[in-house]
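An overview of the molecular structure
Below are the chains, spelled out letter by letter.
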Amino acid sequence: MPLEKLQALRARIEGAGLKFEVVESVPVHEDIKLGKPARDRLIANFQQNIRNCAAVGVKVICYNFMPVFDWTRTEMAKTLPDGSHTLAFDAKAVARIDPEQGISLPGWDASYRPGELRSLLEEYRAVDEAALWRNLEYFLRAIVPVAENSGIRMAMHPDDPPRPIFGLPRIVKNRDDLARLLKLVDTPANGLTLCSGSLGADPRNSIEALVREFGAIGRIHFAHLRNVKVEPDGSFHESGHRSADGSLDMAAIVKAYHDVGFDGYVRPDHGRMIWGETGKPGYGLYDRALGAVYLNGLWEACSRFGGQDAARGAAHAESRISGP
Ligand SMILES: [Mn+2]
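Residues numbered from 1 in each chain as written. Predicted model: local features only at pLDDT ≥ 70, side-chain atom pairs only at ≥ 80, totals over all residues.

**Thoughts on the sheet that holds strand β8 (residues 228-230)**
The condition that has to hold: Here the rule is simple: two strands pair whenever DSSP picks up at least two bridges between them. Secondary structure elements follow DSSP: runs of H or I of four or more residues count as helices, runs of E of two or more count as strands, with numbering from the N terminus. Orientation is described by lines fitted to C-alpha atoms, with helices fitted over the stretch in contact, and by angles between N-to-C directions that extend from 0 to 180 degrees.
Pairing within the open sheet is antiparallel, and its 4 strands lie in the order β3-β4-β9-β8. The open sheet has two free edges, formed respectively by β3 (75-79) and β8, since each of these has just one partner strand. On average, each strand axis in the sheet is tilted by 35° relative to the strand beside it, whichever way the strands run. The pairing of β3 with strand β4 (residues 85-89) spans 3 bridges and is antiparallel. Each residue of the ladder has a partner; that of E75, found in β4, is A88.

**Considering the sheet that holds strand β7 (residues 220-224)**
Test applied: Placing a C-beta atom from the backbone of each residue, one calls two residues in contact when those atoms lie within 7 Å.
Across the sheet, 6 strands lie side by side as β1-β2-β5-β6-β7-β10; this open sheet has parallel pairing. Unpaired on one side and paired on the other, β1 (22-24) and β10 (265-267) mark the two borders of the sheet. The average undirected angle you get between the axes of adjacent strands in this sheet is 20°. Of the strand pairs in this sheet, strand β5 (residues 153-156) and strand β6 (residues 190-195) are connected by 3 bridges, and their pairing is parallel. Note that in β6 the partner of M154 across the bridge is N190. Set on the sheet, helix α9 (residues 207-216) makes contact with β6 and β7; between it and β6 the angle comes to about 160°.

**Quick word on the nonpolar core**
Just so we agree on the cut-off: To form a nonpolar core, buried Ala, Val, Leu, Ile, Met, Phe, Trp, Tyr and Cys residues must be joined through C-beta atoms within 7 Å. The exposure scheme places C-beta atoms from the backbone and then counts, for each residue, the other C-beta atoms within 10 Å of its own, assigning buried at 20 or more, exposed at 12 or fewer, and partly exposed in between.
Core analysis: the biggest nonpolar cluster contains 61 residues, and I61, I143, M154 and I253 have the highest contact counts within it. With 8 residues, helix α6 (residues 129-150) is the single largest residue contributor to this core. When neighbours within four sequence positions are excluded, I61 is seen to be in contact with V23, V26, I50, C53, I152, M154 and A155.

Structure follows, in structure tokens:
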């Protein structure tokens, strides 16, 4: 994005009394993921984007490396028993889609012309997981040093859902993938957006364990905290944020962040449509506000009553009392 546009955006954000420190998402061109010759020019653009973001005070850039579809759902407004509407992924519906016959997905049909999607999928036939890893490494080696020099931390968002889909490779879907990604360029500027809802769509991923492992080494720069209700067949929907609403133990996840001393950025990520609100699916304003308040409540409870921080607080109080 040109510097002038970013400056205008910052002015608008600051005009509302907010700070402009995180950008989500800076898109990665498909030619970079495909490893095509045009990638060097496109990577140079991405590097300039990083410098421009740094120039207006941005600290963290969230991005992803998902081929073609950067999230996949089969329903944009599934009705839940409480009358709210939410995004859902039906494993059976996805299994019925034959990529050869063309893929029609809510939220994506407007993004690609029919022939364009077909030829893109064709190009990805030559790119398996190993090739996608190589292309990611090439990209990271080019952009992470620029981020580092600009004071920006890159934060890779995991695949959503965290599984291969329509024969397209997916390489950011579990603990081992995250560890491998961080090792490619082993420096704090190469970090994670840990999305509980994306990774949590695979019950084999323990979000709490991921937070403890990667949070403890300072590599989580952006926390996406939302809940998801997962069915045995792999279907799922985005639930309300509370632990009781979905499959994730949000209190345990927030406590893990608290225990590792997390001081990065947080967002409630997505929200359902509640109270008759209409708008961009997944971005209900009311439900995200409820999520933010709920998460703040969990954080306050950890701060007040959580083991590790309470001990730190007590030590701090003691040092003040006995000080000069
Ligand atoms: Mn997310």
